[in-house]
Amino acid sequence: MTIQDTEYDYDVVVVGGGAAGLGGALMLARARYSVAVVDSGEPRNAPAAHMHGFLTRDGMAPGEFLAAGRAEVREYGVEFISGVATAVTVPDGIVRVELAGGRTIRGRRALVATGLTDELPDLPGLAERWGRDVLHCPFCHGWEIRDQVIGVLSTTPMALHQAMLFRQWSAKLRFLQHTGPALTEAETAELAARDIEIIAGEVMSVQVTDDRLTGVRLRDGAVIELEALVIGPRFTAHGDLLASAGLTPSAHPSGIGDYIAADPTGRTEAPGVWVAGNVADPAKQLLGAAAMGAETAVAMIADLIEEDVRTAVAARS
């Protein structure tokens, strides 16, 4: 433990126990800083049976991954606190993380890695299939639905991009115009050139048979047969707890949702508060989020050391 001032409970309080939070906690604890991880136990990828694209962990169940990560960081003395963080404040240079129920944890720094929420289109039966055969990321699930009949639900301009991506995994794509913007002549030509069927009409519900997605029903009653459905959720950062520190979400430049802005190292404008993972970059996949947590932790370590040097010089003087 490096804490010298009894005003602090830990050197760093990590808020969020997913890939980014655990990646950061590991690096910080290995640098011999005292670390607490506050986690609500509600990971974003819980509906998925497996995770993919993470070297040496491809195909692992999300719960198994988190359990292994927790076990690793515990070996370095990291403490886990089960709870929901409701506010982060820095009233006097001390970072305070307030939890539901009234507890407050004090740290020299805070690493917020609270992730995001996927806001799904409001269609009957869709949410229940999320992460199974209703998907959004081809790099996460494309291999598992290769060569299947895939529908791409258009609600935003991003749907065209998704269609072109998923075409890499299957030649059996159906572009469901739904409530998305009207296609231009050039966009229609692009879809046709890639042999992607365009289906007009608003989708009203998801069709499921024997716990398996079989299609969607249109407003006119027609059923479009599918084996998987691609949607474009809006990514909403879990950043409400940072409002008390003067930080509010900004619209992401890509238009896919919002995020908490920070410099390239993860440092925010609030003193002592850093962010990593999907709360800071909604486009990060699991491996990228874990790496981002580690990289942000390295920057935090440099910042803590600089502070310790200043304190030591002042004490000698």
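The name given to the protein in an unreviewed UniProt entry is FAD-binding protein, with Nocardia arthritidis as the source organism. On record in UniProt, under Catalytic activity (unreviewed entry), the comment for the protein is "[thioredoxin]-dithiol + NADP(+) = [thioredoxin]-disulfide + NADPH + H(+)".

J.: Any chance you could explain the environment of Val90 here in plain terms?
T.: Looking at the element boundaries, Val90 is found in the loop between strand E4 (85-89) and strand E5 (95-99). The partly exposed category is assigned to Val90, whose relative accessible area is 22%. Note: C-alpha distance between Val90 and Asp118 (28 residues apart in sequence) is 29 Å. Those residues in contact with Val90 that lie beyond four places of it in its chain are Val95, Pro271 and Val273.

J.: What's the story with the domain arrangement of the protein in this structure? I'm lost.
T.: Frequently, the measure chosen for interface size is the accessible area removed from exposure when the parts meet. The domain architecture assigned to the protein consists of domain 1 (10-118 + 234-315) and domain 2 (121-231). Measuring from the centre of the C-alpha atoms in domain 1 to the corresponding centre in domain 2 gives 34 Å. When domain 1 packs against domain 2, the two sides together hide about 700 Å² of surface, and 61% of this comes from carbon and sulfur. When residues of domain 1 are sorted by the area they lose upon contact with domain 2, Pro47, His52 and Gln285 head the list and together hold 55% of the total. Along the contact surface separating domain 1 from domain 2 lie 0 salt bridges. Across the contact surface, domain 1 and domain 2 share 1 residue pair in polar contact (both at pLDDT 80 or more).

J.: What is the right way to look at the pattern of salt bridges in this model?
T.: Where charged atoms from two side chains of opposite charge approach closely, those side chains can pair. Scanning the entire structure with this criterion turns up 17 salt bridges. The shortest N-O distance in the salt bridge between Glu202 and Arg219 comes to 3.2 Å. Here Arg219 lies in the loop between strand E13 (213-218) and strand E14 (223-225) and Glu202 lies in the loop between strand E11 (197-199) and strand E12 (203-208), a separation of 17 residues in the sequence. Overall, Glu202 belongs to the partly exposed group, its relative accessible area being 29%. Judged by its relative accessible area of 56%, Arg219 is exposed.

J.: Hey, could you run me through unusual backbone geometry in this one?
T.: The phi torsion of most residues other than glycine is negative, and most of the peptide bonds are trans. Residue Thr56 is not a glycine yet carries a positive backbone phi of 75°. Mapped onto the secondary structure, Thr56 falls in the loop between strand E2 (35-39) and helix H2 (62-74). Residue Thr56 is classed as exposed on the basis of its relative accessible area of 63%. Here the phi dihedral of Asp147 falls at roughly 65°; this positive angle occurs in a residue that is not glycine.

J.: For this particular structure, what's the right way to read the sheet that holds strand E9 (residues 150-153)?
T.: Two orientations exist for strands paired in a sheet by backbone hydrogen bonds: parallel and antiparallel. Strand order in the open sheet made by the 5 strands is E8-E15-E9-E10-E11, with parallel pairing throughout. Each edge of the open sheet is held by one strand with a lone partner, namely strand E8 (134-135) and E11. Strand direction decides the pairing type here: E9 and strand E15 (residues 228-230), joined by 3 bridges, are parallel. Counterpart to Ile150 in the pairing with E15 is Ala228.

Criteria and thresholds
Positions within a chain are numbered from 1, following the residues in the order the chain's sequence is written. Only residues with pLDDT of 70 or above have their local features reported here, since the model is predicted, and side-chain atom pairs are shown and tallied only from 80 upward, although totals for entire chains, interfaces and linings are computed over all residues. To obtain the side-chain values, all non-hydrogen atoms of the structure were used and water was disregarded. UniProt positions are given in the numbering used here, feature names are shortened, and annotations may be inferred rather than shown by experiment. Secondary structure is summarised from DSSP: a helix means a run of H or I of at least four residues, a strand means a run of E of at least two, and numbering begins at the N terminus for each. For every residue, the accessible area (1.4 Å probe, protein chains only) is compared with the maximum for its type, and the residue is labelled buried under 20%, exposed over 50%, or partly exposed between those bounds. Two residues qualify as a contact provided that any one of their heavy atoms is within 4.5 Å of a heavy atom in the partner residue. For each domain, the first and last residues come from an automatic or database assignment. As a working definition, buried area equals the accessible area (1.4 Å probe) given up by two parts on being put together, with both sides summed. Should a side-chain nitrogen of Lys or Arg be within 4 Å of a carboxyl oxygen of Asp or Glu, the pair is scored as a salt bridge. Polar contact is defined as a pair of N or O atoms within 3.5 Å, subject to the rule that within protein one atom must be able to donate a hydrogen and the other to accept it, and that residues adjacent in sequence are counted only when both atoms are side-chain atoms. Should DSSP find at least two bridges between two strands, the strands are taken to pair.

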